[in-house]
Amino acid sequence: MELQSVKRLIESRELEHGNEILEAFKQRIHLKLVPRTSREEVAIGHSKFGGYPDLPSPAHHPGENLTFLAQFRLSDFAGCESVEPLPKEGLLSFFYDLDEQPWGDADERHLWRVVYTSETTLERVRIGEALNERAVVFEESYAPIVDSLLELMTEDDFVAMEELFDEGEVHAIGGHPDAVQNDVFEEIEDTHGERFSNPFLLFQMDSTEELDVMFGDAGILYFLIPTEALRAKHFEEAEIIMQCY
């Protein structure tokens, strides 16, 4: 989303809290799946959704019960301010048990995994079931903190603004999560304590027909990490929240 569109709506409707409304829009990376046009696989080490993961060796795979969701080549985000805490090089991969569908409780940590590697020699590790493979493109844009907006404007004004950010599937990195139920940042701190007082959204993955993936009842899966742990590359401290309708 272009912030200019929000500014124009604020001016046209003469909204009282214009500056606060603009502050409720946070910059982040939006991820768009690229429809498959050939049988060729995405090249090893490149960003993608689905297929099989690229790892230094099969020993780095977290287990055949965990489905590989996506991997991101971090150099693809060079120059993007919204994800500045991420490492500048390496590959970040996400795994989740789609059969068990954990919500993110502390006793479920064996049911997901975030794997970071700085290795440059990788191989495609064909373990477990694979989702449909899709390439991905990135766009640095803005997304709203909906709870904040609802406090700053009337329902009619919010409905008019909501049309600006109706994006369909919402896959993203950084910024503020798109909540289905409760504020995700508040929920992760309530669930896992004070270490998540300053969380970073590593990956938000929406339910998607393109990959034939459904989280609960048309829900969203969020991978989060304390920003301090992220800067130290302690990806084993990442946790998840799953919300659905």
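Computed from a predicted model, the values in this text were never measured in an experiment.

### Quick look at the pairing of strand β5 (residues 91-96)
- With six of six residues buried, β5 lies mostly within the body of the structure.
- What you see with β5 is no split at all: Leu91, Ser93 and Phe95 on one side and Leu92, Phe94 and Tyr96 on the other are buried throughout.
- Bridge count for strand β4 (residues 67-73) against β5 is six bridges, and the pairing is antiparallel. Paired with Arg73 across the two strands is Leu91, which belongs to β5.

### Side note on the packing of aromatic side chains
- Enumeration over the complete set of coordinates arrives at 12 aromatic pairs.
- When the centroid spacing of 4.8 Å and the interplanar angle of 45° are considered together, the rings of Phe94 and Phe203 count as tilted. Of this pair, Phe94 sits in strand β5 while Phe203 sits in strand β10 (residues 199-206), and the two are 109 residues apart along the sequence. For the pair formed by Phe94 and Phe203, the shared burial category is buried.
- Grouping aromatic residues by their ring pairs yields a cluster made of Phe49, Phe72, Phe77, Phe94, Phe138, Phe203 and Phe223.

### Re unusual backbone geometry
- Backbone geometry places Asp212, a non-glycine residue, at a positive phi of 60°.
- Locating Asp212 in the fold gives a position in the loop between β10 and β11 (220-226).
- Residue classification places Asp212 among the exposed positions, given a relative accessible area of 66%.
- If you check the backbone angles, Ala218 has positive phi at about 55° while not being a glycine.

Rules used in this analysis
- Residues numbered from 1 in each chain as written.
- Predicted model: local features only at pLDDT ≥ 70, side-chain atom pairs only at ≥ 80, totals over all residues.
- Heavy atoms only, no water.
- Buried < 20%, exposed > 50% of the residue type's maximum accessible area, 1.4 Å probe, protein only.
- Helix = DSSP H or I, 4+ residues; strand = E, 2+ residues; numbered from the N terminus.
- Pairing = 2+ DSSP bridges.
- Phe/Tyr/Trp six-rings, centres within 6.5 Å; stacked < 30°, edge-to-face > 60°.

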